[in-house]
Amino acid sequence: MSLHSWKDFRLYVITGENYHTGRSLVDVMEQTLLGGADMVQLRAKDLSKREVLAQAYTLRKLTDRYNVPLIINDYLDVALAVQADGVHLGQDDLPLKEARRILGPAAIIGISTHHIDQALDAERDGADYIGVGPVYPTGTKAGRKAVTTDYVREVAKQVKIPWVAIGGITLGNVGEVIAAGASRVCAVSAIVGSEHVAETCRSFRTALTGQQGAGGSGETRTIRINGRNEQTNAQSVHALMEQLGFAGKRMVVELNGVIIAREAWHTALLEQGASLELVHFVGGG
Ligand SMILES: Cc1ncc(COP(=O)(O)OP(=O)(O)O)c(N)n1
Ligand SMILES: Cc1ncsc1CCOP(=O)(O)O
Ligand SMILES: [Mg+2]
């Protein structure tokens with residue numbers, strides 16, 4: 001028995017095999033689950049129905065092991081065949097009422113929305129959650145205009161059912177999306193395309209569930225940076241790099257003698273007395 005409702009999900013990860021670079025679907029998606037993804041969607045726009053079905057069976061087994069809901073994009077028949085938890089529908093896919101009639105009251109049905117009118121319609125028509133995006137332009141949904149964080153703010157004010165921000169969301173901009181009111185985010189490329197998938201998921205979760213999105217705790221601690229004592233209120237390596245203006249720079253960061261991959265900066269916490277070595281590479285070649 002699960003103690004949680006699926007509605008408590010925070011980090012929704014969608015498959016995107018074009019980003020897997022030699023890694024298998026199941027390996028990559030297991031890494032997302034280990035990193036704390038708590039909702040998974042199978043989205044395969046270029047595969048035959050049989051291939052999608054095979055992947056859906058594989059992901060059903062995997063997500064069952066982690067007790068995480070599996071949602072199938074577009075295909076109700078595949079969702080029914082593998083006993084997925086639900087489907088995700090776009091504005092041009094099967095209408096919500098038809099999908100509900102076919103799948104029944106227990107299925108989780110999510111709908112993409114790009115405007116507040118669509119969001120309120122979906123809510124009225126019985127959607128279980130809505131997708132809100134693309135917040136930023138994204139190659140995963142090329143050609144679709146970004147709705148911007150203005151729409152996120154609008155949804156945060158008006159929508160009562162669960163909703164998830166999606167589209168071009170990365171560790172670099174998730175703070176802005178959270179600041180606009182999002183408590184759940186969904187991503188493809190920033191997660192399944194990252195080198196350290198589980199670490200990336202952990203960093204997303206920290207951003208979503210941490211006390212302060214920007215990482216400043218207000219409590220000042222003394223840490224050592226390149227041999228000098230410094231005062232900081234940054235909670236994580238990421239927050240410190242932001243404060244120092246190093247976030248986008250080519251850096252090697254060593255914390256207490258261990259090199260920290262950029263994707264782990266969010267989860268690497270700076271405790272009193274921590275010792276950091278920062279090396280900044282200047283120029284190219
Ligand atoms: C959570 C979530 N939000 C939006 C979408 C996009 O669905 P749709 O608009 O139908 O586009 P495709 O994904 O089918 O290309 C989604 N899949 N999941
Ligand atoms: C499927 C979808 N729907 C709206 S944006 C999007 C793509 C999200 O992918 P990414 O996280 O790589 O931008
Ligand atoms: Mg669709």
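Residues numbered from 1 in each chain as written. Chains lettered and ligands numbered in written order. Predicted model: local features only at pLDDT ≥ 70, side-chain atom pairs only at ≥ 80, totals over all residues.

The name given to the chain in an unreviewed UniProt entry is Thiamine-phosphate synthase, with the source organism recorded as Paenibacillus baekrokdamisoli. Quoted verbatim from the Function (unreviewed entry) field of the UniProt record, the comment on the chain reads "Condenses 4-methyl-5-(beta-hydroxyethyl)thiazole monophosphate (THZ-P) and 2-methyl-4-amino-5-hydroxymethyl pyrimidine pyrophosphate (HMP-PP) to form thiamine monophosphate (TMP)." For the chain, the Pathway (unreviewed entry) comment in UniProt is given as "Cofactor biosynthesis; thiamine diphosphate biosynthesis; thiamine phosphate from 4-amino-2-methyl-5-diphosphomethylpyrimidine and 4-methyl-5-(2-phosphoethyl)-thiazole: step 1/1." (UniProt positions renumbered as here; feature names shortened; annotations may be inferred.)

Caption draft 1: Summary view of the pairing of strand β5 (residues 108-113). With six of six residues buried, β5 lies mostly within the body of the structure. The alternating pattern of β5 places I108, G110 and S112 on one face and I109, I111 and T113 on the opposite face, and all of these are buried. In the sheet, strand β4 (residues 86-89) pairs with β5 via four bridges, with the strands oriented parallel. Residue H88 lies in a different strand from β5, and its bridge partner there is G110. With four bridges connecting them, β5 and strand β6 (residues 129-132) associate as parallel partners. Its bridge partner being in β6, S112 is matched across the sheet by G131. Between β5 and its parallel partner β6, the chain crosses via helix α5 (residues 116-124), and the hand of that crossover is right-handed. (Buried ≥ 20, exposed ≤ 12 C-beta atoms within 10 Å, placed from the backbone. Helix = DSSP H or I, 4+ residues; strand = E, 2+ residues; numbered from the N terminus. Pairing = 2+ DSSP bridges. Right-handed = clockwise from strand over helix to strand, strands pointing away.)

Caption draft 2: Up close: the site of ligand 1. Near ligand 1 you find 16 residues, and of these H88, G90, S112, G131 and I166 are the closest. Mapped onto the shell around ligand 1, the elements with two or more residues apiece are β1 (11-14), β5 and β7 (163-166). Taken together, the residues of the shell around ligand 1 sort by class into five nonpolar, seven polar and four charged. (Near = placed C-beta within 6 Å. Nonpolar A, V, L, I, M, F, W, Y, C, P; charged D, E, K, R; others polar.)

Caption draft 3: View of the environment of V52. Note that V52 resides in helix α2 (residues 49-66). The class of V52 is buried, set by 23 C-beta atoms lying within 10 Å. Expressed as a C-alpha distance, the spacing of V52 and K160, which sit 108 residues apart in the sequence, is 33 Å. If sequence neighbours within four positions are ignored, V52 has contacts with A44, L47, Y75 and V78. (Contact = placed C-beta atoms within 7 Å.)

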